[in-house]
Amino acid sequence: MAETGDMNSSSKWKLPVGVFFRDARSVFKWDLLGKEILGIAIPAALAVAADPVASLIDTAFIGHIGPVELAAAGVSIAIFNQASRITIFPLVSITTSFVAEEDTMANMKLKATQVENLEDEKLDGMEKGSSKEDSKNLDKDSANAREMGMLKAEGTKAEAKLGGEQSEETNEEEDKKDATKGNEHKFPSVKSKTKKGRRHIASASTALIFGTILGLVQAIVLMFGAKTLLGVMGVKADSPMLAPAVKYLVTRSFGAPAVLLTLAMQGIFRGFKDTTTPLYVIVFGYSINIALDPLLIFVLRMGIRGAAIAHVLSQYLMALILFLILVRKVDLMPPRLKDLQFGRFLKNGGFLLARVIAVTFCVTFAASLAARLGATPMAAFQTCLQVWLTSSLLSDGLAVAVQTILACAFAEKDLKKATTSANRVLQMSFVLGVGLALLVGVGLYFGAGVFSRDVNVLHLIRIGLPFVAATQPINSLSFVFDGVNFGASDFAYSAYSLILVAIASIASLIFLSKSSGFVGIWTALTIYMALRAFAGFWRMGTGTGPWRFLRNL
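Residues numbered from 1 in each chain as written. Predicted model: local features only at pLDDT ≥ 70, side-chain atom pairs only at ≥ 80, totals over all residues. Heavy atoms only, no water.

Trainee: When you look at the environment of Tyr445 in this model, what are you seeing that I'm missing?
Mentor: For Tyr445, the location among the structural elements is in helix 15 (residues 415–447). You can call Tyr445 partly exposed: its relative accessible area is 43%. (Helix = DSSP H or I, 4+ residues; strand = E, 2+ residues; numbered from the N terminus. Buried < 20%, exposed > 50% of the residue type's maximum accessible area, 1.4 Å probe, protein only.)

As C-alpha cells, this is what we get:
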C-alpha cells in the first residue's frame, strides 16, 4: 500500500516538460506523420495568404481612382475586417475541431459495424457447414438401412431417395435466401452510405446555420451603422472621405453572409483534413475578383463601388462552389433537429469570443499608444506591426494541421499519436520561426525603404527591427500552441489564460510606453507574445487538462 501511494504521489508531481524535446531529430523526417502535417499545413497557409494578396491588388486598383477613395477604402476595409474577425475566428476554430471529432467517431462506428457483420457472416457460414455435415450423415445412415433390408420395396426406396434429394435442395435454397435476407438486414446503413457517399455530420449543419445568422447580423449592423462606425474611426461628417467610404462599406456589407459561410465551410473541410479543396476555390474566387476590378471600376465607371461589388460577387461565387462540393460529401439535413449542437457551439464560441476580444484589444491598444507618440512613430510602428503579423501567418498552416490531427487522435483515444503529432508540429514551428527571424531581419533591414522614404521613419523601423525579427520563433510557437489547445478542445483554458495574458500585457504597455516610448511598446508586445507561448507551454508541460495522461508516460 505504501509503495502504491508513493507511486501515485510521484506521478502527481511529475512534470512531463521533457515531452517537448522527444524525437527532436525527427522534425524533418519524411514519414507518414510528416506528410500528413505538411499536406494539411501548406494548402492552409496558402489559403490564409490569398486574402491579403487579393486585398493588396484591390487596393492598387482603388489607388488609381484617387487618394481620397484609397483612404476611404482603407478605413472601410479596416471596419469590415475587424467586425468579421470577431465572429470568424470562433466559428472556424470550433467547426474544425467538432467536425474532425464527429467524423472520426462516425468512421470508427462504421468500421466497428463492418467488423461485427463480418464476424456474423463467419458464424452463419460455420452453422451452415455443420448443418450440411448432419445432412450427409443422415444420408449415409439411410443408405446403410436400405442395404440391411429395412425398406420394403425398391420402388419405395427410389421414391424416398428422390424425395430426400428434393427436400435437401429445397432446404439449401431456403438457407441461401435466409442468409441473403439476413445480410440485407445487417448492412442497410453501410450500403446506403456507400451508395450515396454522404455522411451525417451534425456539427457541419450547425456551423452553416451559425455562419448564415452571424453573416446576416454583421451585414445589417454594417449597413445601418456605417456612418456611426466611420465616425468612430475618425471620418467626420464634413470629410471628403465620408461619401466614398459609406458607398464602399455598405456595398461590401452585402457580402458578409457569403464571407461567414465560406469560412464556416473552410472549417468543415479542415475537419475532414482537406485544405486543398478550399485553396483551389479561394484562388479561383479571388482571381475572378481581380479580373472584375478593372472592368467594374474603369470600364463600367462604377468607381469605388465597383471594387466593392467585385469583392462581393467573388465571395458569393466561392460560397456557392464550396457548398456544391460539400453537399456531395455531407448530408446537411440532420436526422433530428436535436442532433444540432447549438449549446456546444454557443458555450465554446463564447470562450473564443472572449479570447478574440482580448487579443484584439491588446494589439489595438498598442497601436493607440504609438499614435499618441506622433505621426512618425505611428508610421514606423504600423510598418513593423504589419511585417510582424504577416510573416507569422505562415504558422497558421501548422496550427490548422495540429488542430485537425489532434482532434481526430483524441476522438480515437490514440494518445500516442496525439503526443507525437503535437511534439512534431511544435518543433516544426520553432524551426519555421527561426527561419522567419532571419528572413524578416535581413528583408526589413535592406527593404525598409519600400515602406517609407522618410529618414526618421526608417530610423525607427530599424530600432523596432530586433523586436520584429527576434520574436518570430515565439510568435510561431504561440500560434501553434493555439492549434494544440483547440485540437484538444481545451477552449476554456485557451480563453481564460489569454485574458490573464492580456491583463498583464496591457499593464506592461501602459508602464513601458510611458517610460521608454516606442521601444517600450515593442518590449511590451514581446512580453505579450512570450506570455502567450508560456501559457501553451504550461498546459502541456505540466500535464494538466487534456494532457494529464502525460504524467503517466
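Further notes follow.
Trainee: I'm lost on the nonpolar core in this one. Help?
Mentor: As a rule of thumb, soluble globular proteins bury nonpolar side chains together. The biggest cluster of nonpolar side chains holds 60 residues, and the ones touching the most others in it are Leu230 and Leu326. Of the residues forming this core, the biggest block, 12 residues, is contributed by helix 3 (residues 67–147). For Leu326, the residues in contact, after removing those within four places along its chain, are Leu208, Met265, Ile268, Phe269, Phe272 and Leu332. Of all hydrophobic cores here, the second largest spans 38 residues; its members include Phe365, Leu385, Val501 and Ile506. (Core = buried A, V, L, I, M, F, W, Y, C linked by side-chain atoms within 4.5 Å. Contact = heavy atoms within 4.5 Å.)

Trainee: Help me understand unusual backbone geometry in this model?
Mentor: Backbone phi values are negative for most residues with the exception of glycine, while trans is the configuration of most peptide bonds. One non-glycine residue with positive phi stands out, namely Lys413, at about 60 degrees. On the secondary structure map, Lys413 appears in the loop between helix 14 (394–412) and helix 15. A positive phi angle is found at Ser489, which is not glycine, with a value near 55 degrees. Its location among the elements puts Ser489 in the loop between helix 17 (472–487) and helix 18 (491–541).

Trainee: Sorry if this is basic, but what is going on with the confidence of the model for the protein chain here?
Mentor: Predicted coordinates in regions of low pLDDT should not be interpreted in detail. Chain-level statistics for the protein chain give a pLDDT mean of 83 and a share of 83% at 70 or above. Segment residues 1–11: pLDDT under 50, and two contacts once partners within four positions in sequence are set aside and those in other chains are kept. Confidence drops under a pLDDT of 50 for residues 149–195, and excluding neighbours within four residues, the segment shows 23 contacts in the predicted structure. (pLDDT = per-residue confidence, 0-100.)

Trainee: Which parts of the structure should I look at to understand the packing of aromatic side chains?
Mentor: Each aromatic ring pair is specified by the distance between its two centres and by the angle formed by the two planes. The tally for this structure, following the rule as stated, stands at 17 aromatic pairs. Plain terms: the ring middles of Phe20 and Phe481 are 6.1 Å apart, the flat faces sit at 80 degrees to each other, and that makes the pair edge-to-face. Of this pair, Phe20 sits in the loop between helix 1 (2–13) and helix 2 (32–63) while Phe481 sits in helix 17, and the two are 461 residues apart along the sequence. Like Phe481, Phe20 is buried. A network of ring pairs unites the aromatic residues Phe89, Phe98, Phe210, Phe342, Phe345, Phe486 and Phe491 as a single cluster. One Lys or Arg, Arg199, reaches over the ring of Phe272 and ends 4.4 Å from the middle of that ring. Positioned above the aromatic ring of Tyr445 is the side chain of Arg462, whose terminal nitrogen or guanidinium carbon lies 5.4 Å from the ring centre. (Phe/Tyr/Trp six-rings, centres within 6.5 Å; stacked < 30°, edge-to-face > 60°. Lys NZ or Arg CZ within 6 Å of the ring centre and 35° of its normal.)

Trainee: Is there a simple way to think about a nonpolar patch on the surface in this case?
Mentor: Nonpolar side chains collect at one region of the surface, where Leu15, Val17, Phe21, Phe534, Phe537 and Trp538 lie side by side and expose about 610 Å² of accessible area between them. Mapping Phe537 onto the fold places it in helix 18. By relative accessible area, which is 31% here, Phe537 ends up partly exposed. (Patch = residues over 30% accessible without salt bridge, like charges linked within 9 Å, V, L, I, M, F, W, Y side chains within 5 Å. Areas by Shrake-Rupley, 256 points an atom, 1.4 Å probe, with all protein chains shown as cover. Salt bridge = Lys/Arg side-chain N within 4 Å of Asp/Glu carboxyl O.)

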